2 protein chains.
Amino acid sequence: MSDSHKIDGTDRKILNILQKHAKITNAQLSKDIDLSPAPTLERVKKLENSGVIESYHAKLNSRLLGLGVTTFIHVKLSKHNKANNEEFIRKINAIDEVVECHHITGSSHYLLKVVAKDIENYQHIILDKISEIEEIDDLQSMVVLSTIKDSKAVPIP
Amino acid sequence: MSDSHKIDGTDRKILNILQKHAKITNAQLSKDIDLSPAPTLERVKKLENSGVIESYHAKLNSRLLGLGVTTFIHVKLSKHNKANNEEFIRKINAIDEVVECHHITGSSHYLLKVVAKDIENYQHIILDKISEIEEIDDLQSMVVLSTIKDSKAVPIP
DNA sequence: TCTGAAACAGTTGCAAG
DNA sequence: CTTGCAACTGTTTCAGA
């Protein structure tokens, strides 16, 4: 799961296709990259085993699920020391509505992405779940009006 | 692709599994939700056709690909009118290294997520690609030190 | 490392309960 | 919905180049 892997042009093609269409059959993938099925499959397995491909996920439509509110929240901790950070991380991991949490440079310490049903539900998450974390000093919310781009595909060097 | 779909407890189980492990076989999925394969498959197809499941993606390991720098950038446009927004969106969509772009409330107008090989490469993207967009008035970068959580799974109401 | 073919596993559709 | 069973499609292995 942590092999140093030489990624050639063919691997790059495979990765770019699988980032966008993970459900492609090996037969079709092999055609798209001009290779026969056997070595194609072998390359995919190698990329999975080396950890380059971490996992596969279904992308759901938030609107159709009734999840109308997405926000980013800048979080500042009261004390930015090791113990406080670890405690904050532990508590954030337990909140399902927090779908992302990044430790960042700059005046805020963390950036969260939160998904909620509606504004009332969002208020509930903020007041009863996130604000309950005592290590937090300050929160600043940004509501997502629309998502212009969410490519799910990283630029492979 | 836009059917209004009644999502019951069984559908919710299916969606929660597919969000996290899209490569599960229908046989295994049916066992996990205590249903036989035939109706399980039918439900998955219905969720795909109604648009609740939008797509399937492979998650890649950025570090192993040599993508060491991830940043969020607050963007302010010079004039926040329709023409400027559309032009900005068009240009942002053409930059592969910008993996996300959200229109947000608050003092900045957009929030971008950018993935780069290293700091030099990041500087190149900022100076030669993003700053070249003339509709932009101001940029403020936040470098991601570490990603604590990236669940790829939305909380289904 | 690839090709081609053979063997295998999983999916999909259908009928009956 | 379940079970059971075909037919099909796609996967996986393997000898040979």
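Look a little higher up for the structure.
Residues numbered from 1 in each chain as written. Chains lettered and ligands numbered in written order. Predicted model: local features only at pLDDT ≥ 70, side-chain atom pairs only at ≥ 80, totals over all residues. Heavy atoms only, no water.

1. A word on the protein's contact with DNA strand D
Heads up, the condition is: It suffices for a single heavy atom of a residue to lie within 4 Å of a molecule or strand for the residue to be listed as near it. Whenever two N or O atoms come within 3.5 Å, that pair is a polar contact, provided that in protein one can donate a hydrogen and the other can accept it, and provided that, for residues adjacent in sequence, both atoms are side-chain atoms. Helix and strand labels come from DSSP, where a helix needs a run of H or I of at least four residues and a strand needs a run of E of at least two; each type is numbered from the N terminus. Nonpolar residues are Ala, Val, Leu, Ile, Met, Phe, Trp, Tyr, Cys and Pro. Charged residues are Asp, Glu, Lys and Arg, and all others, Gly as well, are polar.
Near DNA strand D, the surroundings consist of Thr-25, Asn-26, Ala-27, Ala-38, Leu-41 and Lys-45 of chain A together with Leu-35, Ser-36, Pro-39 and Arg-43 of chain B. Among atoms of DNA strand D positioned within 4 Å of the protein, sugar and phosphate together represent 81%. Backbone polar atom of Asn-26 of chain A to a phosphate oxygen of DNA strand D: 2.8 Å apart, as the coordinates give it. Mapped by element, the contributors of at least two residues to the surface near DNA strand D are helix H2 (26-32) and helix H3 (37-49) of chain A together with helix H3 (37-49) of chain B. When residues in the surface near DNA strand D are grouped by element, the largest group, three residues, is from H3 of chain A. Its residues assigned to classes, the surface near DNA strand D shows five nonpolar, three polar and two charged.

2. Structural notes on the protein's contact with DNA strand C
Surrounding DNA strand C, one finds Leu-35, Ser-36, Ala-38, Pro-39, Arg-43 and Lys-46 of chain A together with Thr-25, Asn-26, Ala-27, Leu-41 and Lys-45 of chain B. Here, DNA strand C places atoms within 4 Å of the protein, and 89% of those atoms are sugar or phosphate. A distance of 3.3 Å is found between a phosphate oxygen of DNA strand C and a side-chain nitrogen or oxygen belonging to Arg-43 of chain A. Between DNA strand C and Asn-26 of chain B there is a distance of 2.6 Å, counted from a phosphate oxygen to a backbone nitrogen or oxygen. Within the residue set of the surface near DNA strand C, elements represented by two or more residues are H3 of chain A together with helix H2 (26-32) and H3 of chain B. Residues that form the surface near DNA strand C fall into these classes: five nonpolar, three polar and three charged.

3. So, the pairing of strand S5 (residues 136-150) of chain B
Our working definition: Paired strands, in this sense, are two strands between which DSSP finds at least two bridges.
Pairing analysis gives five bridges linking strand S3 (residues 98-104) of chain A to S5 of chain B, with the strands arranged antiparallel. Each bridged residue has a counterpart across the sheet, and for His-103 of chain A the counterpart in S5 of chain B is Ser-146 of chain B. Relative to S5 of chain B, strand S2 (residues 69-77) of chain B runs antiparallel, the two being bridged by seven bridges. Residue pairing for S5 of chain B: Thr-71 of chain B is matched across the bridge by Val-143 of chain B.

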